Amino acid sequence: MEEKRLNSRQMAELERLVAFERDRCSADGMVVYQCAFPLRPQDPLQAELVDAGVLAVKMSADSDRPFVVIAPEGYACIDRVEEQERRERYWERRDWAIVLIAGLFGMLCTLIGLLIGLSM
């Protein structure tokens, strides 16, 4: 499956829609139902997201007006970004730990050298 590449504006809009859906349509951290967002034909950003396949246009049986929902590819895109951010935070914490351990080891070596020098 081809990975979708979104620019920063598209990604911010998709994150906003997913956050809204998670906030309004979930219970106990699980999405219970999908939000239906209004289709705005004059909105070029929404059209770009539909063309990218992260939003899907649907029709209601009760109304003749189309609406937009987040497509599975949209959720997958958000999941990939969140996983990448988690990995980056892990490596950042790891780097900090390595620098801290190296600094402590350097201080310990300096202290041992000082003690050996004083005892001679």
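Bear in mind the structure is a predicted one, so any value in this text is a computation, not a measurement. Note that residues are indexed from 1 along each chain, following the sequence as it is written. Only residues with pLDDT of at least 70 get local features here, since the model is predicted, and only at 80 or more are side-chain atom pairs given and counted; chain-wide, interface and lining totals rely on the full set of residues. Side-chain metrics rest on all non-hydrogen atoms present in the structure, leaving aside hydrogens and water.

## A closer look at the UniProt feature "transmembrane region" (unreviewed entry) in the protein
UniProt positions are given in the numbering used here, feature names are shortened, and annotations may be inferred rather than shown by experiment. Those residues carrying the UniProt feature "transmembrane region" (unreviewed entry) are residues 96–118 in this numbering. Numbering of helices and strands runs from the N terminus; a helix is a DSSP stretch of H or I covering at least four residues, while a strand is a stretch of E covering at least two. Secondary structure within residues 96–118 divides into 100% helix and 0% strand; the distance between the first and last C-alpha atoms comes to 33 Å.

## Description of the nonpolar core
To qualify as a nonpolar core, a set must consist of buried Ala, Val, Leu, Ile, Met, Phe, Trp, Tyr and Cys residues joined through side-chain atoms within 4.5 Å. Throughout this description, buried means an accessible area under 20% of the type-specific maximum (1.4 Å probe, protein chains only), exposed means over 50%, and partly exposed covers the range between. Counting residues in each nonpolar core, the largest one holds 16 residues, and the members touching the most others are L6, L14, F37, L55 and I70. Elements represented by at least two residues in this core include exactly α1 (8–24), α2 (44–52), β5 (66–70) and α3 (72–119). Per-element tally for this core: the top contributor is α1, with four residues.

## A word on the sheet that holds β5
Sheet strands pair by backbone hydrogen bonding; their relative direction is either parallel or antiparallel. Pairing between strands requires that DSSP locate at least two bridges from one strand to the other. Sheet architecture is open: three strands sit in the order β3-β5-β4, paired in antiparallel fashion. Each having just a single partner strand, β3 (37–38) and β4 (55–59) make up the two edges of the open sheet. Alignment of β3 against β5, held across two bridges, turns out to be antiparallel. Paired with P38 across the two strands is F67, which belongs to β5. The contact definition used throughout considers only heavy atoms, calling two residues in contact when any of these lie within 4.5 Å. For helices, the axis comes from a line fit to the C-alpha atoms of the stretch in contact; other axes are also lines fit to C-alpha atoms, and the angle between any two N-to-C directions lies between 0 and 180 degrees. Contacts from α1 reach β3, β4 and β5 within the one sheet, and its direction differs from that of β5 by about 90°.

## Some points on α1
Across its 17 residues, α1 extends 24 Å between first and last C-alpha, which sits within 8% of the 24 Å expected from 1.5 Å per residue. Looking at α1, one finds that the buried residues are Q10, M11, E13, L14, L17, V18 and E21. The buried residues of α1 all sit within an arc of 165° when viewed along its axis, so they share a single face. Counted as exposed and oriented over 90 degrees from the buried face of α1: S8, D23 and R24. What a helix should span is 1.5 Å times the count of its residues minus one. Here the arc refers to the directions that run from the helix axis out to each C-beta atom.

## Notes on the packing of α1 against α2
One can describe the packing of α1 onto α2 by two numbers: an axis separation of 10 Å at closest approach and a directional angle of 90°. It follows that α1 is roughly perpendicular to α2 by the angle criterion. Counted together, R9, Q10, E13 and L14 of α1 and L45, E48 and L49 of α2 form the full contact between these two elements. To sort the angles, those under 35 degrees are grouped as roughly parallel, those over 145 as roughly antiparallel, those from 65 to 115 as roughly perpendicular, and the leftovers as oblique.

## Quick notes on the packing of α1 against α3
Where α1 meets α3, the axes come as close as 10 Å, and the angle between the chain directions of the two elements is 100°. It follows that α1 is roughly perpendicular to α3 by the angle criterion. Here M11, L14, E15, V18, E21 and R22 of α1 come into contact with α3, specifically with G74, Y75, C77, I78, D79, V81 and E82. As a working rule, the residues Ala, Val, Leu, Ile, Met, Phe, Trp, Tyr, Cys and Pro are called nonpolar, Asp, Glu, Lys and Arg charged, and the rest polar, with Gly in that last group. The residue inventory of the contact of α1 with α3, partitioned by class, reads seven nonpolar, one polar and five charged.

## Observations regarding a negative patch on the surface
Like-charged residues are merged into a patch within 9 Å and nonpolar side chains (Val, Leu, Ile, Met, Phe, Trp, Tyr) within 5 Å, provided each residue has over 30% relative accessible area and no salt bridge. Areas reported here follow the Shrake-Rupley algorithm with a probe of radius 1.4 Å; residue values treat only the protein chains shown as occluding. In the sections that follow, a salt bridge refers to a side-chain nitrogen of Lys or Arg positioned within 4 Å of a carboxyl oxygen of Asp or Glu. Working convention for charge: Lys and Arg count positive, Asp and Glu count negative, and His plus the chain ends are omitted. Working definition for charges: the position is that of NZ of Lys, CZ of Arg, CG of Asp or CD of Glu. A contiguous patch of negative charge, built from E15, E85, E88 and E92, is present on the exposed surface. The element contributing the most residues to the negative patch is α3, with three residues. For E85, the position within the fold is in helix α3.

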